[in-house]
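Spelled out from the first residue to the last, the chains are:
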Amino acid sequence: MSISTSSAIEQQPAILGGPKVRTEPYAEWPVAQPYMMDKIKEVMDSGEWGVGSPYIEEFEKAFAQFIGVEYCGSCVNGTEAITVALRAAGIQQGDEILTSPYTFIGTITPIMGMGCVPRFVDIHEDTFLMDPDKIEAEINEHTKAIIPVHIAGCPVNMDRILEIAKKHNLVVLEDCAQAHGAEWKGKRVGSIGDLGTFSFQTSKNMSSGEGGAVTTNSLELSRGVFAAKNCGRVPDGVWYGHELYGTNLRLSAIQAAILIGQICFVDEQNAKRHENATYLESMLSEVDGIQPIAVNPEGVTKHAHHLVLFRYDSSKFEGLHRNHFLEACQAEGLDIDEGYVPIYSQGCVHRYSEWPFIKPLLEKRGIDFKSMHFPVVERICGEEGMWIHQSLLLGPKADMESLVEGFLKVQKHAGEVKKKFD
Ligand SMILES: Cc1ncc(COP(=O)(O)O)c(C=O)c1O
């Protein structure tokens, strides 16, 4: 389609004083639905609010069925879901875990919390996902697991991950926090590796405000999951028997109630997100210098579009830096962000490397997070990457059009905007 050169485009960008391209709010998220309210009331009336509640079991069964696995253990959030999964898999202090540097800190804190070493694998510029070609170079005798992160709701190439994991005897823990309902070659993420972890935090495609889950097809791993989030109890043990190490990381029945009613809407909402993401991708062919990350990559049979990722080319915007472009877009009323910074550059990762038990181990293995550099993730985070959120994709097509209209308007005035920041 062709973007109208409306009068708004002809005016000065808002950052230079003119009116905004967009003043109306985007689609709201999350939205309370009557079916959630009914289920919450049912739980409240039942008096079964916490541990042992049939509503928690109902949710776990329904979510396991949705993902296509035998077992699901719910828990407090997507971060602790990873801790639970690592514990269930028998990961020990000092073990190395391969993962992506382009992710939320919640992928890394469990690794550090377990006293393990995150080993980063640079991302691919076409996907912003861990680059399968770079994984094997990071494997050594300490490597015990790999956490592919399905960032933005786009599955990592799981054929490659499984092949490498098999060769090196690694546990595969899929971080599906952003990928509810996404599929790799017809299989839902969370059912492909040994374990899958999910987040139901407010912004996610499925939300109970906070919440998480671990999925698996292994009975043995499911027992470990049960113990790790349930004070170390084993499924058939006595109440005051605490066989394994675990703490209380349980979901409440009220959160389960909110989630039960959502499962049947996830596919429908993802389909709407896909329709709008595809529309946006087609329109962006008209904006020289903004490249959306593929909406239909090979092997991905369903994309959850938790985010739409873009690459920005400042040379097509008179050298305007990505951050200044984003400031100008935000001043136009567009909801767009720069996204993550390389996770190994975070202060908490540097501080972790100073902890007395981990410092000598990192030194011995030649790992220094402070001087670490991975070129692709640094270029994407520092200069090229940007994103919009899933909820924007639930709005009408006109919302996608206003986004492109805003991009074109800022592009037209890029020189003036740049001067403002020089
Ligand atoms: C990729 C990824 N992993 C893990 C998490 C952690 O989930 P939570 O916020 O529920 O702890 C998130 C949440 O934003 C995430 O995006």
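Note that this is a predicted model, so its numbers are computed, not measured. (Residues numbered from 1 in each chain as written. Predicted model: local features only at pLDDT ≥ 70, side-chain atom pairs only at ≥ 80, totals over all residues.)

A. Here's a closer look at the pairing of strand β5 (residues 171-175). Burial of β5 is extensive: five of the five residues sit out of reach of the surface. What you see with β5 is no split at all: Val-171, Leu-173 and Asp-175 on one side and Val-172 and Glu-174 on the other are buried throughout. Taken together, the two bridges between strand β4 (residues 143-147) and β5 define a ladder with parallel strand orientation. Counterpart to Ile-146 in the pairing with β5 is Val-172. In the classification by handedness, the crossover that spans β4, the intervening helix α6 (residues 158-168) and the parallel β5 is right-handed. Here β5 pairs with strand β8 (residues 195-199) via three bridges, running parallel. Within the sheet, the bridge partner assigned to Leu-173 lies in β8 and is Leu-195. (Buried ≥ 20, exposed ≤ 12 C-beta atoms within 10 Å, placed from the backbone. Helix = DSSP H or I, 4+ residues; strand = E, 2+ residues; numbered from the N terminus. Pairing = 2+ DSSP bridges. Right-handed = clockwise from strand over helix to strand, strands pointing away.)

B. Representation of the site of the ligand. The ligand sits among 14 residues. The nearest are Gly-78, Thr-79, Gly-106, Ala-177 and Ser-199. Among the residues making up the shell around the ligand, the classes are represented as three nonpolar, 10 polar and one charged. (Near = placed C-beta within 6 Å. Nonpolar A, V, L, I, M, F, W, Y, C, P; charged D, E, K, R; others polar.)

C. Highlighting the confidence of the model for the chain. On average, residues of the chain score 95 in pLDDT, and 97% of them are at 70 or above. Counting contacts from residues 1-10, a segment whose pLDDT is below 50, to residues more than four positions away or on other chains yields 16 contacts. (pLDDT = per-residue confidence, 0-100. Contact = placed C-beta atoms within 7 Å.)

D. Examining α6 more closely. The set of residues buried in α6 consists of Met-158, Ile-161 and Ala-165. All buried residues of α6 lie within an arc of 55 degrees about the axis, which places them on one face of the element. Among the exposed residues of α6, those oriented more than 90 degrees off its buried face are Glu-163, Lys-166 and Lys-167. In this structure, the buried side of α6 is in contact with β4, β5 and β6 (183-184). Positive phi appears at Asn-169, one or two residues downstream of α6, with a value of about 55 degrees. (Arc of directions from axis to C-beta.)

E. Molecular detail of the pairing of β8. Taking burial as the measure, the five residues of β8 include five buried ones, the bulk of the element. Burial along β8 is two-sided: the residues Leu-195, Thr-197 and Ser-199 and Gly-196 and Phe-198 are all buried. Relative to strand β9 (residues 212-216), β8 runs antiparallel, the two being bridged by five bridges. By the bridge assignment, Phe-198 is partnered in β9 with Ala-213.

F. The arrangement of the sheet that holds strand β12 (residues 307-312) in detail. Taken in spatial order, the three strands make up an open sheet running β10-β12-β13, and their pairing is antiparallel. Edge positions in the sheet fall to β10 (290-292) and β13 (385-389), since each of these pairs with one other strand and no more. Each neighbouring strand pair of the sheet contributes to a mean axis angle of 30 degrees, computed without reference to strand direction. Sitting on the sheet, helix α9 (residues 263-284) touches β10 and β12, and the angle it makes with β10 is about 150 degrees. (Axes fitted to C-alpha atoms, helices over the stretch in contact; angles between N-to-C directions.)

G. Molecular detail of helix α4 (residues 78-88). Burial analysis of α4 places 11 of its 11 residues in the buried class, the great majority of the element. Taken together, the buried positions of α4 are Gly-78, Thr-79, Glu-80, Ala-81, Ile-82, Thr-83, Val-84, Ala-85, Leu-86, Arg-87 and Ala-88. Residues of α4 that are buried make contact with β1 (71-75), α5 (109-113), β5, β8, β9 and α7 (219-228). One or two positions beyond α4, positive phi appears at Gly-90, with a value near 80 degrees.

H. How the structure looks around the sheet that holds β9. On the basis of which strands lie adjacent, the open sheet formed by seven strands has the order β1-β9-β8-β5-β4-β2-β3 and mixed pairing. Of all the strands in the sheet, just β1 and β3 (117-120) have a single pairing partner and so form its edges. Each strand of the sheet is rotated relative to its neighbour by a mean of 25 degrees, with strand direction disregarded. Each of β1, β5, β8 and β9 is contacted by α4, which is oriented at about 165 degrees to β8, the strand it contacts most.

I. Layout of the nonpolar core. Formed by 120 residues in total, the largest nonpolar core has its most connected members in Val-84, Ala-85, Ala-89, Phe-128, Ala-145, Leu-173 and Ala-256. Among the elements that line this core, the one with the most residues is helix α3 (residues 54-67), at seven residues. Once residues lying within four places of it in the same chain are set aside, the contact partners of Ala-256 are Tyr-55, Ile-56, Glu-58, Phe-59, Ser-74 and Leu-251. (Core = buried A, V, L, I, M, F, W, Y, C linked by C-beta atoms within 7 Å.)

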